[in-house]
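One-letter residues, chain by chain:
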Amino acid sequence: MRAALMWTLNDFPAYGMLFGWSTHGHLACPCCMGKSKAFHLKDGRKALFFGCHRQFLPIGHSFRRDKKSFLKGRVEHSAPSPRLSSEEVWNKVRDLPNIFDDRASDKLPGFGDQHNWTKQSIFWEFPYWRTNIIRHNLDVMHIEKNMFDNIFNTVMDVKDKTKDNLKARMDVQTFCNRPELELTEHQGKILKPKAAYSLAKEQRKLVCEWVKSLRFPDGYTSNLSRCVDMEDYKLSRMKSHDCHVFLERLLPIAFRDFLPEPIWNALTEISLFFKCLCTTVLKVEDLQKLQESIKITICKIEKIFPPGFFDPMEHLPIHLAYEAIVGGPVQFWWMYPFERSHYFQPNVQTRLNKVTRNDDGDEVDALDGCLSIVLHPGCLSGVKEGRYLTDDEWDAARFIFEDELKRNFENISLKQIDKETNSRFAKWFEIYALNPANNITDERLKDLASGPYKWIETWPQYFTNGYKFDTLTYGSNKSTMNSEYSNPTKKRITLVLFKCDWFDLTLGRGLKVHNHYGLIDINHKKSFLSYAYEPFVLAEQAQQVYFAEYPSKRKDRVDWWAVCKIKARSRIDSPNILYQEDEDLSTVLPNVIDDLDCLRHENGELEVHDIEKETAETERTYDIDAIENDEEIEESDYESDEDEDEEDEQSE
């Protein structure tokens, strides 16, 4: 047997240890290497990657000529240096000392200025290592977490966590042309104007109350309500997976009504970039579009936040799409699977080898010749109850049997069936199948002709497709929320149906879709009328979504819920991703309508949402001495999460 090391995967500090390239300082990026345009702040005294991303834009892009929104007075003419090939990297490290060399503890000439090499990695001893296109992967999990922390804490203006502190404002005055953000002095006090990208106190309170009230499907996140600090209006003790969900799903919802439209647009594009990057099925042509779109998005973020916001974590997304093109889907090279250690033998029962959460049994115990609709795996749970179907429910259940009949039995004359009206079909089919003169020997036809019993069994929980579904009543007092269904039974066939309430999806009345970003809103007070009553859906057709209210108190938002589809745990699906480009918004965005099979509308036009802009400006005062006594920020202020127990988030 032969084994080969394809690449390594670590958090960013460990990346530098294995690669032999230090991930600190203005040359921290291991992809740009010595060609980085990062520099050190004058007052913040740390390396920043502000103003480094316009070089990645196409020649002639308007951002390149902008002298006011980026580094003041500077125009970008240069193109980025090409990524070094494997052979070029080897030529640079071949003469470096390895860890066994006596020179390994000495700093190499030019370190921190011309390069960040610290040693020759031991991996270069592999004969194939110099031919690998990627040897060390950037970890999307930690990049997502650090980006979310920086964005959320800055927008929420969290004390000691925000990237918009006093020294950041001083650097704004030095490097940028943004007079509205510059510090002013008044009567011995330093005034810090409120930025358009930060929320007022009342808005921060609404966001925290909103997070505290969120209820997700079982196993989707940990209990976020326990992460909310209502005294300081911040989130703490967030697991990496919680940050992953918040960044990709909740960030656009949380700030939609509180931030000016250009700022909200840029943050939403960051959210959708990671959402597209982390899909389970990726296409090279789509990743190439993502690779171009993120360059523009990062530049938009540069126009918003102060220079001190841009540590290496805000720069690394530039390189993630390329690594996905080479390495494949992200779930094969991020750290979620590997931060769960396996210390026990397989015969020892632990949380790592027990039955997976929301297990549906995988196998179906059914009689030979059963219809395909009863051969779908599922698991009932809870206390069984019984009741009779109403007349409307009975008719709806029979329609499901009729549809299955037409799909499964070609020997039945569809022409004859089509001549019968819906009200007469059930009786006609029963007489036809049970009449001995017709010589029907297929027991399935006879069972089907008799139809479902009106006496049914109902259950409060059902596991199928990797999801857990609860009835509304059963889940009303739980911290998670799911769905409702019932189970008509027959002599030999057991069919599981979900009983549902349906929203009115008429565009503009019960459904809104954002024109650029595909974000879907549902009016929860608009539902189908009784004449359109069709309450049941097959369990095998059930996919899970969750509905989130908006934190704002705007009157035009009270009745609307944001819709988010979730992916079943431990399941690989193939989502349909449709990308669109806009001449002013050259970014790659998913059309979420295709991602939600349960949402359909008749009108092909999409409604554009108006975003209310916040114009209120407030100021915060500081003592002048506070500037001199402000603590120095370390270069390695991004988090590594090495001690984080990812297993707890799953159990919560």
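Residues numbered from 1 in each chain as written. Predicted model: local features only at pLDDT ≥ 70, side-chain atom pairs only at ≥ 80, totals over all residues. Heavy atoms only, no water.

A. Spotlight on the overall build of the chain. Along the backbone of the chain there are 18 helices and 23 strands. Looking at the chain as a whole, 53% of its 652 residues are labelled buried. For the chain, restricting intrachain contacts to residue pairs at least 6 apart in sequence, the fraction spanning at least 24 positions comes to 72%. With an accessible surface of roughly 32,500 Å², the chain has 48% of that area assigned to carbon and sulfur atoms. (Helix = DSSP H or I, 4+ residues; strand = E, 2+ residues; numbered from the N terminus. Buried < 20%, exposed > 50% of the residue type's maximum accessible area, 1.4 Å probe, protein only. Contact = heavy atoms within 4.5 Å. Areas by Shrake-Rupley, 256 points an atom, 1.4 Å probe, with all protein chains shown as cover.)

B. Expanded view of the nonpolar core. Grouped together as the largest cluster of nonpolar side chains are 111 residues, with contacts concentrated most on Phe246, Phe255 and Leu267. Other than its neighbours up to four places away in sequence, Phe246 contacts Phe148, Phe152, Trp210, Val211, Leu224, Leu235, Met238, Leu251 and Ala254. Counting residues in each nonpolar core, the second largest holds eight residues, with Leu507, Val513, Ile522 and Val563 among its members. (Core = buried A, V, L, I, M, F, W, Y, C linked by side-chain atoms within 4.5 Å.)

C. Local environment of unusual backbone geometry. Here Asp160, not a glycine, exhibits a phi torsion of approximately 65°, which is positive. Inspection of the secondary structure assignment puts Asp160 in the loop between α3 (140-155) and α4 (166-175). We classify Asp160 as exposed; its relative accessible area is 72%. Unusually for a residue other than glycine, Arg237 sits at a positive phi of about 60°. On the basis of relative accessible area, Arg237 is assigned to the exposed category, the value being 61%.

D. Region of the structure containing helix α10 (residues 317-327). Counting buried positions along α10 yields eight of eleven residues, so the element is predominantly enclosed. Listing the buried residues of α10 in full gives Pro317, Ile318, His319, Leu320, Ala321, Glu323, Ala324 and Gly327. The elements touched by buried residues of α10 are β4 (136-137), α3, α7 (261-277), α8 (284-302) and α9 (312-315). A positive backbone phi angle near 95° is found at Gly328, which sits one or two residues after α10.

E. Structural detail: the packing of α7 against α8. At a minimum axis separation of 10 Å, α7 and α8 run at an interaxial angle of 155°. Considering the angle they form, α7 stands roughly antiparallel to α8. Between α7 and α8 lies a crossing whose hand is left-handed. Between α7, through Ala266, Leu267, Glu269, Ile270, Phe273, Cys276 and Leu277, and α8, the contact on the second element is made entirely by Leu287, Leu290, Ile294, Thr297, Ile298, Lys300 and Ile301. Residues belonging to the contact of α7 with α8 are distributed by class as follows: eleven nonpolar, one polar and two charged. (Axes fitted to C-alpha atoms, helices over the stretch in contact; angles between N-to-C directions. Parallel < 35°, antiparallel > 145°, perpendicular 65-115°, else oblique. Left-handed = near helix turned anticlockwise from the far one by under 90°. Nonpolar A, V, L, I, M, F, W, Y, C, P; charged D, E, K, R; others polar.)

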